[in-house]
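Chain by chain, the residues run as shown.
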Amino acid sequence: MKALYKLFLLVMSCILITSVSSCLGSDDYEPISNDDYKAYLSLMVGSYTKGEIYYMNDSNKIDTLSDMVAVVSSDSIITFRNVPSTILSKCISEHDSLKKAIEAVPTKDVAIGFVLSSIQSPYIYFNVYPISITYPNLEYEGKAHDVEINLYTYYMGVYEPNAYKIDYVLFMTSVSVDGDRVETFYDDTSDVVQLNKATLSFHASRY
């Protein structure tokens, strides 16, 4: 339970930072001009070799995927490369054969779309648009299926241009097979334990 609580605090810290951007009455709040938008996007684009993903493992302890590579493209996509499928399937508890089939695929890229939103020095905030993780033609139980792990977030991401750092949080909400949701991991009725298990906290830095 102590590990659960620590991870919960980690997530809440990310939420606390990102939720500052909703305080539109702050004197430090600035909208982003078109020229600044292009300049900051240009700064963000490139590879980030100091990537980490925080998550709760099967022993209910905080764990970290280190030495991850994240790439920011000019079409406003952030992609964490080669995320282990064992992490992405960890919330599946009701469909063992589906979970094993996903885990048999070694890695998957995890991507989001983003739109820069506001400046509160020294941070740039961006809206996060999760992209479902797809496993097309996944073979299990004698058939090929199109599988998706669905992602969601309530919160904004943070870019720190002076340090070239990016932070955001995603929740794995459910898994779908051939367009039908077969298991829900997290929704508005979930408790803290379910929240922590479904949470992936992404951090990337160039240095």
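The structure we're discussing is the one just above.
**Student:** Outline the side chain of Ser 205, listing residues and values.
**Tutor:** Here Ser 205 lies in strand 12 (residues 199-205). A distance of 2.9 Å separates a polar side-chain atom of Ser 205 from the backbone oxygen of Tyr 207. Excluding residues within four positions of it along the chain, Ser 205 makes contact with Tyr 48, Thr 49, Lys 50, Ala 163, Tyr 164 and Lys 165.

**Student:** Help me get a handle on the packing of aromatic side chains, residues and values and all.
**Tutor:** What the rule picks out here adds up to 12 aromatic pairs. Taken together, the aromatic side chains of Phe 80, Phe 114, Phe 126, Tyr 168 and Phe 202 make up a single cluster linked through ring pairs. Its end group placed over the ring of Tyr 135, Lys 108 keeps NZ or CZ at 5.1 Å from the ring centre. Positioned over the ring face of Tyr 48 is Arg 206, at 4.7 Å from the centre of the ring.

**Student:** Can you tell me about the environment of Ala 111, naming the residues and giving the values?
**Tutor:** In this fold, Ala 111 is placed in strand 5 (residues 107-120). Considered as a pair, Ala 111 and Ile 77 are 34 residues apart in the sequence and their alpha carbons are 6.7 Å apart.

**Student:** Before we move on, could you go through a negative patch on the surface and cite the residues and values that matter?
**Tutor:** On the surface, a cluster of negative charge is contributed by Asp 146, Glu 148, Asp 178 and Asp 180. As for its position among the elements, Glu 148 is in strand 8 (residues 143-152). You can call Glu 148 partly exposed: its relative accessible area is 33%.

What counts, and at which threshold
- Here, residues in each chain are numbered from 1, in the same order as that chain's written sequence.
- Residue-level local features of this predicted model are given only where pLDDT is at least 70; pairs of side-chain atoms are given and counted only at 80 or more, and the full residue set underlies all totals for whole chains, interfaces and linings.
- Computation of side-chain values: all heavy atoms of the structure, hydrogens and water removed.
- The helix count covers DSSP runs of H or I at least four residues long, the strand count covers runs of E at least two residues long, and both are numbered beginning at the N terminus.
- For the purposes of these results, a polar contact is taken to be a pair of N or O atoms within 3.5 Å, where, inside protein, one atom must be able to donate a hydrogen and its partner to accept one; residues adjacent in sequence count only when each atom of the pair is a side-chain atom.
- Any two residues whose heavy atoms approach within 4.5 Å are treated as being in contact.
- Here the aromatic set is Phe, Tyr and Trp, taking the six-membered ring for Trp, and pairing holds for ring centres within 6.5 Å; pairs whose planes are under 30 degrees apart are stacked, those over 60 apart are edge-to-face, and all others are tilted.
- Placement of a positive charge over a ring is assigned whenever Lys NZ or Arg CZ falls within 6 Å of the ring centre and within 35 degrees of the normal to the ring plane.
- Residues form patches when they are more than 30% accessible in relative terms and have no salt bridge. Like charges link within 9 Å. Nonpolar side chains (Val, Leu, Ile, Met, Phe, Trp, Tyr) link within 5 Å.
- Calculation of accessible area relied on Shrake-Rupley with a 1.4 Å probe; when residues are assessed, cover is drawn exclusively from the protein chains displayed.
- A carboxyl oxygen of Asp or Glu within 4 Å of a side-chain nitrogen of Lys or Arg is what we treat as a salt bridge.
- Charge counting treats Lys and Arg as positive and Asp and Glu as negative, with His and both chain ends excluded.
- Charged side chains are reduced to one point each, which is NZ for Lys, CZ for Arg, CG for Asp and CD for Glu.
- Here the term buried applies to any residue with accessible area under 20% of the maximum for its type, exposed to any over 50%, and partly exposed to those in between, with areas from a 1.4 Å probe on protein chains only.

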